[in-house]
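A closer look at the structure
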Amino acid sequence: MIEKLYFHTLKAKRSLNRLVFGFFLCAIMVFFQMSVQAQEKSKGYVGFFPKTTFFRPLLFDPIEAQSYGYFTRKRTEGHSDRGLYAPFAVGLNKPIYQWSETQQLNMDVSVFTQFDMFGDNGKFHRYMRNADYKISLSYAWQQNNWQFRFRGFHISSHLGDDYLLQNGLGVYKNNPVNYEQLDLIAAYKKNHWRYYGGIGYGIRPSFREGDERRRLAFQLGAMYEKSLKNKNQSFILGIDNRILAQNNFYPGTKIGAGLGFHLPNYEKTFYLLLEVYNGHTPYGKFEAQRCKWIGLGFSFQP
């Protein structure tokens, strides 16, 4: 009797799964057809994978979805680290659907890694310290000079094998950098300036004892960018402040300046930048540490 009941329950579940899958497949096909028709009527303002991104990535935010690499000299809690500290990231920010001239859905994915590079006993060492993985889904809209982004993201952090072996670690370490957050950021553009600010709220900050995470986060910043005589080049200057309850609201401040090289007919820019950072380490399990660095590197927003 129990086996027969289990068989019928399993069969019902399979039928329900097929029904749900079929429903979503039909909904996607209808949605796609409607978007194609709307796109034809609205001259390209509506549809999948538009070319223009309403809310451009925040260049000086160290955990924004973009690709970059820096070679820096770093001090951690008052002590100079040996060799070079090199944060690298691979990130992609893409609009996936646009409703009108003012509304858009975006998705971004990124990986942030950090390396220690130094010489020892006549040999050059390059140890991967940490990797953070981040995925976001955001709704962006714009009105006159204003832009807004409402976003939800997941981020998780993992110590690198090189770091584990170098420090002889073989046990679990508490990891508060494994959470989801909702945030809302407003940006105002006028002339060559872009000012922005916002608030975030952790929606899954606690997993096990010792991994609790405080919920509130704030962000403030500004960027100045002006074209040079060569219109495909620009000068850029900016500051970003991440202010987390997790770090007792001590700001993580990044200031940078440099040159931008714009690809003609594309929304893509390659930046060469000099940057200074002061605050809690913005990456991974090390965020409890206070540090500062100065370095030179590049950033690319594909």
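Everything discussed here concerns the structure shown above.
A few points on the structure. (Residues numbered from 1 in each chain as written. Predicted model: local features only at pLDDT ≥ 70, side-chain atom pairs only at ≥ 80, totals over all residues. Heavy atoms only, no water.)

As a volume, the largest pocket reaches approximately 540 Å³. Around the largest pocket, the lining is made up of 22 residues, and of these Arg 56, Lys 189, Glu 225, His 262 and Tyr 271 lie nearest the centre. Elements represented by at least two residues in the lining of the largest pocket include exactly β9 (193-202), β10 (216-227) and β13 (269-280). With 3 residues, β10 is the single largest residue contributor to the lining of the largest pocket. A class-by-class count of the residues in the lining of the largest pocket yields 9 nonpolar, 7 polar and 6 charged. (1 Å grid on protein atoms, 1.4 Å probe; cavity = no way out; pocket = protein on both sides within 12 Å on 5 of 7 lines; lining within 4 Å. Points joined across faces, edges and corners; volume = space filled by probe spheres on them. Helix = DSSP H or I, 4+ residues; strand = E, 2+ residues; numbered from the N terminus. Nonpolar A, V, L, I, M, F, W, Y, C, P; charged D, E, K, R; others polar.)

The subject of this paragraph is a nonpolar patch on the surface. A surface patch of nonpolar side chains, about 750 Å² in accessible area, is lined by Phe 150, Leu 182, Leu 184, Ile 199, Tyr 201, Ile 203, Leu 216, Phe 218 and Phe 249. The set of elements that each furnish at least two residues to the nonpolar patch consists of β8 (178-190), β9 and β10. When you line up the elements, Leu 184 lands in strand β8. Judged by relative accessible area, which is 38%, Leu 184 ranks as partly exposed. (Patch = residues over 30% accessible without salt bridge, like charges linked within 9 Å, V, L, I, M, F, W, Y side chains within 5 Å. Areas by Shrake-Rupley, 256 points an atom, 1.4 Å probe, with all protein chains shown as cover. Salt bridge = Lys/Arg side-chain N within 4 Å of Asp/Glu carboxyl O. Buried < 20%, exposed > 50% of the residue type's maximum accessible area, 1.4 Å probe, protein only.)

This part is about the packing of aromatic side chains. Under the definition given, this model contains 20 aromatic pairs. Pairing Phe 71 with Phe 88 gives two aromatic rings, centres 5.6 Å apart and planes at 80°, and the pair type is edge-to-face. With Phe 71 in strand β2 (residues 67-76) and Phe 88 in strand β4 (residues 84-98), this residue pair connects regions lying 17 residues apart in the sequence. Note on Phe 270 and Phe 298: the rings are 5.9 Å apart at their centroids and 10° apart in plane angle, and the pair reads as stacked. (Phe/Tyr/Trp six-rings, centres within 6.5 Å; stacked < 30°, edge-to-face > 60°.)

Here we come to the pattern of salt bridges. Pairing of side chains with opposite charge becomes possible as their charged atoms draw close. Applying the stated criterion across every chain, the model contains 7 salt bridges. Residue Asp 81 pairs with Lys 74 through a salt bridge whose shortest N-O separation is 3.2 Å. Both residues of the pair, Asp 81 and Lys 74, belong to the buried class. The partner of Glu 275 in a salt bridge is Lys 254, and the shortest N-O contact between them spans 2.8 Å. Note that Glu 275 is positioned in strand β13 and Lys 254 in strand β12 (residues 252-262), a separation of 21 residues in sequence. Across this residue pair, the class does not change: Glu 275 and Lys 254 are buried. Residues joined by salt bridges that share partners form a network here, namely Glu 64, Arg 149, Arg 151 and Asp 183.

To continue, consider empty space enclosed by the protein. In the structure shown here, the tally under the stated rule is 3 cavities of 30 Å³ or more. Its volume calculated, the largest cavity comes out at about 160 Å³. What lines the largest cavity is a set of 17 residues, and nearest its centre among them are Gln 181, Asp 183, Ala 217, Gln 219 and Arg 242. Looking at which element gives the most residues to the lining of the largest cavity, the answer is β8, with 4 residues. Across the lining of the largest cavity, the residue classes break down as 8 nonpolar, 4 polar and 5 charged.

So, on to the pairing of β8. For strand β7 (residues 146-159) and β8, the ladder comprises 11 bridges, and the chain directions are antiparallel. Each residue of the ladder has a partner; that of Arg 151, found in β8, is Asp 183. One ladder, built from 10 bridges, connects β8 with β9; its direction is antiparallel. By the bridge assignment, Leu 182 is partnered in β9 with Tyr 201. Here β8 folds back onto β9 in antiparallel fashion, the turn holding 2 residues, of which Asn 191 has a positive phi close to 55°. (Pairing = 2+ DSSP bridges.)

Attention now goes to the environment of Ala 186. Following the sequence through the fold, Ala 186 ends up in strand β8. Put simply, Ala 186 and Trp 146 are 40 residues apart on the chain and 7.1 Å apart in space, counted from C-alpha to C-alpha. Discounting residues that sit within four places of it in the chain, Ala 186 has contacts with Trp 146, Gln 147, Phe 148, Tyr 195, Tyr 196 and Gly 197. (Contact = heavy atoms within 4.5 Å.)

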